[in-house]
Every structure is written in structure tokens, then in C-alpha cells.
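Examining the three-dimensional arrangement
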Amino acid sequence: LALPGVQKLSPYVPGKPVEELAREFGLKPEDIVKLASNENPLGPAPSVLKAVQQALPELTRYPDGNGFTLKQALSERFGFELSMITLGNGSNDILELLGRAFASPGTEVVFSEHAFAVYPIVTQAVGATPVQVPARNWGHDLEAMAAAITPATRLVFIANPNNPTGTWFEQAEFEAFMARVPANVLVVLDEAYTEYVVADDALNGFDHIARCPNLIVCRTLSKAYGLAALRVGYCISHPQVADVLNRVRQPFNVNSLALAAAVAALADQAYLDESRKLNQQGMRQLEAGLTRLGLEWIPSRGNFIAVDVGQDAAPVYQGLLQAGVIVRPVAGYGMPHHLRVSVGLEHENQRFLEALAGVLGR
Ligand code: PMP
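Residue numbers run consecutively from 1 along every chain, following the written order of its sequence. Per-residue local features are limited, in this predicted model, to residues with pLDDT of at least 70; the limit for side-chain atom pairs, both in listing and counting, is 80 or more; totals at the level of whole chains, interfaces and linings are taken over all residues.

Looking at an unreviewed UniProt entry, one finds the protein named Histidinol-phosphate aminotransferase and attributed to Halopseudomonas pertucinogena. For the record of the protein, the UniProt heading Cofactor (unreviewed entry) holds the text "pyridoxal 5'-phosphate". UniProt positions are given in the numbering used here, feature names are shortened, and annotations may be inferred rather than shown by experiment.

In C-alpha cells, the structure reads:
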């Protein structure tokens, strides 16, 4: 029988695949708009496609198990020693390594209400006790989270911006929080969407690594860098934490195509700039469209927005599916009246807004 914590888990529910919906409703895949998984609507950069192609002849060989070239590229780009970098098969892999390395039965892991679904999964999978702290205005209540730390706490997961709410916290709030966290508690700052943040005074976890040896900053190449399919993420931490993660990870946790693509993606500033610009424009389009429909939405700094549809969101989600638009229900995140929609291309956002107007009869 599974561990008691595992018995209480429900499986992670990803966005509905286009092929599945096409089959279900007899739609053509090309007529379906998928805005369900916070993916980059730009498609892969030509520079990345070329790098992947060049890596293909090495398919029979194991990848570089230490990801030297990618770590080198990250080191050059962000200024951290190689010994502070851990690579993961997506940043989900990093989150899991953290759970496996630092949590165990009898220990506690703190995270917020309405936070990313993988935090309870990696906590309960190792038999640790999840401590979910009520949110404030849909976002993290960092004061309450600091207060929830006990002698049994090993890890605290915080996300900035958070998924699925898009909420954020300010630098000063974060600093006050870190000042209250005991040195033996690791804080995992999940910055999966940080590249989309445009505010000049926004918190950048990397600026706090040197001063906070118990801080781990996770990032991903899945979002603004457009590599979701390849699964590559990383974290920056004190070398001692990186050393521990390196002991528990799978020997070849990041594959060769992902390594090659990530190096190319990091070098392609134009693609990143374009992703950001497109996201800003699309976000404005969605905000304006939702407001026109008389709906409330949660201000977001990510590449997605959670909208309150003013009723049980399940039938609205179904109605959108029938119209060939896939978004994400977030009832599992304690948000039964919201749907989360990813920012797409202009025509995709438009399709979503029109379909939503139709379903809601507005
Ligand atoms: N953290 C957050 C907050 C996320 O929303 C996601 C993706 N949904 C991840 C981490 C994991 O992303 P990946 O494993 O693709 O790097």
C-alpha cells in the first residue's frame, strides 16, 4: 500500500491535449485553440530548432550527465559559479529533488493556498506533512507563512509570480519574510514566470542568493524560452544545497536535445524579447476583453490570467471546450469560480474572448 500521504493525493491534471478534444467533439485539431498550459504561443525559435537538429546524430550516446555546457552558459549569463547550479528535467524535477533531499515523515513543508499543485505532490510523496497557509487577496501571505514555520519545518515553497493566480510579492515583503525564516529552513523561491515580469522594481531572487544561504531560486526554460516539451529547468543555490541535490538526482536527468536547445535559447535574446512583448500585448487584450464582458480577473504578472466567471466554472469550461477552446479549470486549487487562461497569439485570445461571451450569453 502507498504511504498515507500518497493515498491522500490526487494526480496532477494537465491541460487537455488538443488531439483528445478533437476526437471527443469531432473537431479538426487546427481549429482548436489551446490556452491551458501557460505555453509560449510563439513556437520554437529557429536557433533552437537548429541546435536540436545538430544534436540529433548523438542520439545513441548518453547526455552529458553534468550538463557542463548548459551550466557554463547559465554561469556566464547570470554570474553564478557552476557549483551553485543544479539542472532539472523541467523545474518540476528540481522541486521533487528538493522534497526528496530535505523532507521526510515527521517534517513539515509550508506553502500557500492557491499555489502550484506540485508543492503538495512532492511533499506528500515523501511522507512529509503539508502545511497550507491561507492566501491573502489570492496571493501569498508571507507574514502568515513565516508564522507557520515550526521546529519541524524543512522547506517553504513560494512562487513569484504564483501560478494559477499570477499574484506577486514585493522585494520589501520578501526581505522581511527572509529575515524571519530560521537559517535551517530552506526557502524555495519558484520564479518560473519571472521573465514575463516587466516592473522595474520587481523582486529578482538572484539578487538575494549571496546574502541568503538558505534560499533556492528555481527557474525554467518551459515558459518565456519556449522549451516546454524538452523539459529543462534549473535552480541556483548555495553550493552545499546543490551538492545535496546532485546526490539524489537521476544520473542523466536532462537529455541531450534539451541541453543543446537550452544553450541556444539562452543565447537568443531576440526571441525572449519577442515573447515578452507578445505577452504584454496579449495580456492587455485579455484584460480589456474580460472587463468588457463585465468579469473580474486577478491582476497577473505571468503569461496567464485567472478570471472569475461569476458561477461554477465547470460548465463554462465545458462550453469553451465545445467551442474548441481549451483553458484550465482551477477548482482543484480552491478556485471553483475561476478559469485560468494562458496568453496566446492575438487571434487565439480573440477566439477565447468570443467563445466565452457566447458561453456566458453576454
Ligand atoms: N513552477 C510553477 C509555478 C509552474 O507554474 C510550473 C509549470 N506549470 C513549474 C514550476 C514547472 O515547470 P517546468 O517543469 O515545465 O519547468
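There's plenty left to go through after this.
**Some details on the sheet that holds strand E5 (residues 153-159)**
Within a sheet, adjacent strands bond to each other through the backbone by hydrogen bonds, running parallel or antiparallel. Between any two strands, pairing holds if DSSP finds at least two bridges. Only DSSP runs of H or I with at least four residues qualify as helices, and only runs of E with at least two residues qualify as strands; both kinds are numbered from the N terminus onward. Read from one edge to the other, the open sheet built from 7 strands follows the order E2-E8-E7-E6-E5-E3-E4, with strand pairing classed as mixed. Edge positions in the sheet fall to strand E2 (85-88) and strand E4 (129-133), since each of these pairs with one other strand and no more. On average, each strand axis in the sheet is tilted by 20° relative to the strand beside it, whichever way the strands run. Here strand E3 (residues 108-112) runs beside E4; their pairing, made up of 5 bridges, is parallel. Directly across from Phe111, in E4, lies its bridge partner Gln132. Contacting E2 and strand E8 (233-236), helix H4 (residues 68-78) crosses the sheet at an angle of about 125° to E2. Contacts from helix H5 (residues 91-102) reach E2, E5, strand E6 (186-190), strand E7 (215-220) and E8, with the element oriented near 150° to E7. Inter-axis angles, ranging from 0 to 180 degrees, are taken between N-to-C directions of lines fitted to C-alpha atoms, where helices are fitted over the stretch in contact. By the convention adopted here, residues are in contact when the distance between their C-beta atoms, placed from the backbone, does not exceed 7 Å.

**Observations concerning the UniProt feature "modified residue: N6-(pyridoxal phosphate)lysine" (unreviewed entry) in the protein**
Those residues carrying the UniProt feature "modified residue: N6-(pyridoxal phosphate)lysine" (unreviewed entry) are Lys223 in this numbering. Inspection of the secondary structure assignment puts Lys223 in the loop between E7 and E8.

**A word on unusual backbone geometry**
Backbone phi values are negative for most residues with the exception of glycine, while trans is the configuration of most peptide bonds. In this structure, the amide linkage connecting Asn160 to the following residue, Pro161, adopts the cis form with an omega of -5°. For Pro161, the position within the fold is in the loop between E5 and helix H8 (171-180). Of note, the bond from Asn163 into Pro164 is cis; its omega dihedral lies within 30 degrees of zero at 15°. Tracing the backbone shows Pro164 in the loop between E5 and H8. Non-glycine residue His114 carries a positive phi angle of around 60°. Within the fold, His114 resides in the loop between E3 and helix H6 (118-125). The phi angle at Arg231 is positive, at roughly 65°, despite the residue not being glycine. Counting through the fold element by element, Arg231 comes out in the loop between E7 and E8.

**What to know about the packing of helix H11 (residues 269-292) against helix H13 (residues 346-360)**
Axes are the key here: two packed helices are described by the angle between their axes and the distance separating the axes. Taken N-terminus to C-terminus, the directions of H11 and H13 make an angle of 15°; their axes are 10 Å apart at the nearest point. It follows that H11 is roughly parallel to H13 by the angle criterion. The two elements H11 and H13 meet at a crossing, and its hand is right-handed. Between H11 and H13, the contacting residues are Gly282, Gln285, Leu286 and Gly289 on the first element and Glu346, Asn349 and Leu353 on the second. Among the residues forming the contact of H11 with H13, the class breakdown is 2 nonpolar, 4 polar and 1 charged. Geometric relationships in this document are graded by angle, where less than 35 degrees denotes roughly parallel, more than 145 denotes roughly antiparallel, 65 to 115 denotes roughly perpendicular, and other angles denote oblique. For any helix crossing, the convention is left-handed if the near helix is rotated counterclockwise from the far helix by under a right angle, and right-handed if that rotation is clockwise. Polarity classes work like this: nonpolar for Ala, Val, Leu, Ile, Met, Phe, Trp, Tyr, Cys and Pro, charged for Asp, Glu, Lys and Arg, and polar for all others, with Gly in that last group.

**Brief notes about the UniProt feature "domain: Aminotransferase class I/classII large" (unreviewed entry) in the protein**
When the UniProt feature table is mapped to this numbering, "domain: Aminotransferase class I/classII large" (unreviewed entry) covers residues 31-356. Here residues 31-356 is 38% helix and 17% strand, with 16 Å between the C-alpha atoms at its ends.

**Some details on the sheet that holds strand E12 (residues 328-329)**
With respect to topology, 4 strands assemble into an open sheet ordered E9-E10-E13-E12, the strand pairing being antiparallel. Edge positions in the sheet fall to strand E9 (296-298) and E12, since each has one partner strand and no second. Pairing of E12 with strand E13 (residues 338-342) involves 2 bridges; the strand directions are antiparallel. Within E13, the residue paired with Arg328 across the bridge is Arg340.

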